[in-house]
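Examining the three-dimensional arrangement
Residue-level listing of the chains:
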Amino acid sequence: MRALRVVAGIMALSLAGCGLVPAPSEGPTPPKKSSGVVTKSLDDVERYWREQYPKISGGQKFQPVTGGFHPYTESSPPLECGGQSADYQPNAFYCPDGDYIAWDAQNLIPQLQEQFGPLLVGVVMAHEYGHAIQARLGNTDQQTVVLEQQADCFAGAWLADVQAGRSTAFEKPTAEQLDDTVAGILMLRDQPGTPAVAEGAHGNAFDRIRAFQDGVQQGPRKCAGYEAGNLQVTEVPFSTRQEAASGGDLPYADAVNLLAQDAQAYWTRTFPDIADQQWQPIRVVDAGQAPDCGDQDAAVEDQAYYCPGQDFIAFDTERLGPQLYDRIGDYAVGMVFGDLFARAAQDRRGESTTSTAGQLTVDCLAGSWTNDQLTRDQEDQRIRLSPGDLDEAVAALLAFGKAGTGGPSAFDRIFAYRKGVLEGTGVCV
Ligand SMILES: [Zn+2]
């Protein structure tokens, strides 16, 4: 908050052209069999657009890319694109000049496949193909960040077709595969502090995942309508040099104290709107010294939970807190408080916190607190969000909420959280 750090463990990537510059790996990665996945994906994306393009182009027929698909390596660098140098870069891109798609088959794509699974490779290729679609629609005269999110949205629209079982390249993805894909998008975000108007800006992860989920849920027509005037962009630059220097993180102890106070004040003010009662201040105790809770409603294993029977919040300030702070950033700690206070609110209004729907309401309510932090008057602010905080929230949800733990997937939890962030309490209950 009030200045954010670049998150270790997530390895923010900067993006060149349309693509992706991965964090340096240890030594060269030997080429792997990724080209099969890439060309199968691209063929399937082409199948998708053959069917869908006429629906967003006023009936015009789809023309597949004429310049082909081109893997490259250090020893066999990419073709020249519009007079730009053909130097090797760990990247993937669409070249409008030659109407072709090229990718680094030596490092980037094998790394993404290994770390996040083949579906992310398909999504990256669908994103690149999205730029070819933009060229065909003739709508490329827009801010880079709009074009990039539109390409993310087109990739999501293709993914919905995969989910519907129509893909020739992929089986219907599991919730785990979806979460891995979202984790990959998180890694491909801009560096925190990038202004959305910057040349080459693709968006923070919060916005890119929104665009991607928009495509999944609402289809290519919604994506085709993206323009600067209707796209809510949360990516902002650091406001002061000091904030940039701190990376946007408060000192840990300050973050914990201010977040707890801020959550208490927020719920005191807001709770009467969603329940017919006042908010009673809730005790926050250190997990190491917490009384026995009996039937524990654990949020993050045993290190952070809301105890409904005795109505207190327990949080491990010695281990879990510092781990999240160091690995992700201060707003990951914010997400723990956001979740626990929202869980208490949900329980106090007599609703489930353990069903899938209940968990998603908790996530939405946690988002409503973030919404308040973003929109309240400046003088009311104990804390203010910094560039990168929303991405830390997404990273935290991926860390707590990955599919396979029995509850809803992180994909769904991020969607619910974002709804609260963008629209406030009213949409949650
Ligand atoms: Zn792009």
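As annotated in an unreviewed UniProt entry, the chain is Neutral zinc metallopeptidase from Paractinoplanes rhizophilus.

Structural notes on the sheet that holds strand S1 (residues 69–72)
As summarised here, the arrangement of the 3 strands in space is S1-S3-S2, forming an open sheet in which the pairing is mixed. If you trace the sheet from one side to the other, it starts and ends with S1 and strand S2 (92–95), each paired once. Each strand of the sheet is rotated relative to its neighbour by a mean of 20°, with strand direction disregarded. Here S2 runs beside strand S3 (residues 100–104); their pairing, made up of 4 bridges, is antiparallel.

Describing the pattern of salt bridges
Throughout the structure, instances matching the rule amount to 15 salt bridges. Here Arg376 ties to Asp262 by a salt bridge, and the two come within 2.8 Å at their closest N and O atoms. Taken together, the residues Arg376 in the loop between helix H12 (356–375) and helix H13 (389–401) and Asp262 in helix H9 (residues 252–274) connect sequence positions 114 residues apart. Neither Arg376 nor Asp262 differs from the other in exposure class; each is buried.

Section: helix H14 (residues 410–423)
Between the first and last C-alpha of H14 there are 20 Å, a value that for 14 residues agrees with the 20 Å anticipated at 1.5 Å per step. Looking only at H14, the buried set comprises Ala410, Phe411, Arg413, Ile414, Ala416, Tyr417, Arg418, Gly420 and Val421. Summarising the contacts, the buried residues of H14 are in contact with helix H5 (175–187), helix H6 (205–218), helix H11 (330–348), H12 and H13. At the C-terminal side of H14, Gly424 shows a positive phi close to 85°.

Describing the packing of H11 against H13
Relative to each other, H11 and H13 sit at 60°, their axes nearing to 8 Å. What the angle tells us is that H11 and H13 run oblique. Here H11 runs over H13; the crossing is right-handed. Contact with H11, carried on its side by Asp330, Tyr331, Ala332, Met335 and Val336, involves Asp389, Glu392, Ala393, Ala396, Leu397 and Phe400 of H13 and no other residues of that element. When grouped by side-chain class, the residues that make up the contact of H11 with H13 number 8 nonpolar, no polar and 3 charged.

Some remarks on the nonpolar core
Ranked by size, the top nonpolar core spans 111 residues in total, and within it Trp49, Tyr129, Trp267 and Tyr417 carry the most contacts. Among the elements that make up this core, the one with the highest residue count is H11 (11 residues). Each of domain 1 (35–230) and domain 2 (249–427) accounts for three or more of the residues forming this core. Apart from the residues within four sequence positions on either side, Trp49 is in contact with Pro54, Ile56, Phe62, Tyr129, Ile133, Phe154 and Pro220. In this structure, Ala287, Cys293, Cys307 and Ala314 belong to the second largest nonpolar core, which totals 7 residues.

As for the state of the cysteines
Tallied over the full model, the rule gives 4 disulfides. Each sulfur in the disulfide pair Cys153 and Cys223 lies 2.1 Å from the other. Because the torsion about its S-S bond is -75°, the bridge between Cys153 and Cys223 counts as left-handed. Of this pair, Cys153 sits in helix H4 (residues 144–163) while Cys223 sits in helix H7 (residues 220–224); the two residues are 70 residues apart in sequence, bridging distant segments of the chain. Note that Cys293 is cross-linked by a disulfide to Cys307, the S-S spacing being 2.1 Å. Every disulfide takes its handedness from the sign of the S-S torsion; for Cys293 and Cys307 that torsion is 100°, giving right-handed. One end of the pair, Cys293, is in the loop between strand S4 (283–286) and strand S5 (297–300); the other, Cys307, is in strand S6 (residues 304–307), with 14 residues separating them in the sequence. Disulfides within the chain link the bonded cysteines, taken in sequence order, as 1-2, 3-4, 5-6, 7-8.

A short note on the environment of Ala410
Tracing the backbone through its elements, the reader meets Ala410 in helix H14. When the C-alpha positions of Ala410 and Ala175 are compared, they lie 8.5 Å apart, and in sequence the two are 235 residues distant.

Some details on unusual backbone geometry
In this structure, Asp99 takes a positive phi of about 50° despite not being glycine. Checked against the element boundaries, Asp99 lands in the loop between S2 and S3.

Observations regarding H4
The end-to-end C-alpha separation of H4 is 29 Å, in line with the 28 Å expected for 20 residues at 1.5 Å each. Counted residue by residue, H4 has 17 buried out of 20 residues, so it is predominantly covered. Looking one or two residues beyond H4, the residue adopting positive phi is Gly165, at roughly 85°.

Concerning the pairing of strand S7 (residues 312–315)
Residue alternation in S7 divides its side chains into two sets, Phe312 and Ala314 and Ile313 and Phe315, and both sets are buried. In this structure, S4 lies alongside S7, joined through 4 bridges in parallel fashion. Each bridged residue has a counterpart across the sheet, and for Asp286 the counterpart in S7 is Phe315. Pairing of S6 with S7 involves 4 bridges; the strand directions are antiparallel. When the sheet's bridge partners are listed, Cys307 is paired in S7 with Phe312. Where S6 folds back onto S7 in an antiparallel hairpin, the turn is made up of 4 residues, including Asp311, whose phi is positive at roughly 55°.

Re the packing of helix H1 (residues 35–56) against helix H3 (residues 118–137)
For the pair H1 and H3, interaxial distance at closest approach is 9 Å and the crossing angle is 40°. Taken together, the axes of H1 and H3 lie oblique to each other. Once H1 is placed against H3, the crossing between them reads as right-handed. Here H1 contributes Val37, Val38, Ser41, Leu42, Val45, Glu46, Trp49, Tyr53 and Ile56 to the contact with H3, which in turn contributes Pro118, Val121, Gly122, Met125, Ala126, Tyr129, Ile133, Arg136 and Leu137. The residue makeup of the contact of H1 with H3, split by class, is 14 nonpolar, 2 polar and 2 charged.

Criteria and thresholds
Residues numbered from 1 in each chain as written. Predicted model: local features only at pLDDT ≥ 70, side-chain atom pairs only at ≥ 80, totals over all residues. Heavy atoms only, no water. Pairing = 2+ DSSP bridges. Helix = DSSP H or I, 4+ residues; strand = E, 2+ residues; numbered from the N terminus. Axes fitted to C-alpha atoms, helices over the stretch in contact; angles between N-to-C directions. Salt bridge = Lys/Arg side-chain N within 4 Å of Asp/Glu carboxyl O. Buried < 20%, exposed > 50% of the residue type's maximum accessible area, 1.4 Å probe, protein only. Expected span 1.5 Å × (residues − 1). Contact = heavy atoms within 4.5 Å. Parallel < 35°, antiparallel > 145°, perpendicular 65-115°, else oblique. Left-handed = near helix turned anticlockwise from the far one by under 90°. Nonpolar A, V, L, I, M, F, W, Y, C, P; charged D, E, K, R; others polar. Core = buried A, V, L, I, M, F, W, Y, C linked by side-chain atoms within 4.5 Å. Domains from an automatic or database assignment. Disulfide = S-S within 2.5 Å.

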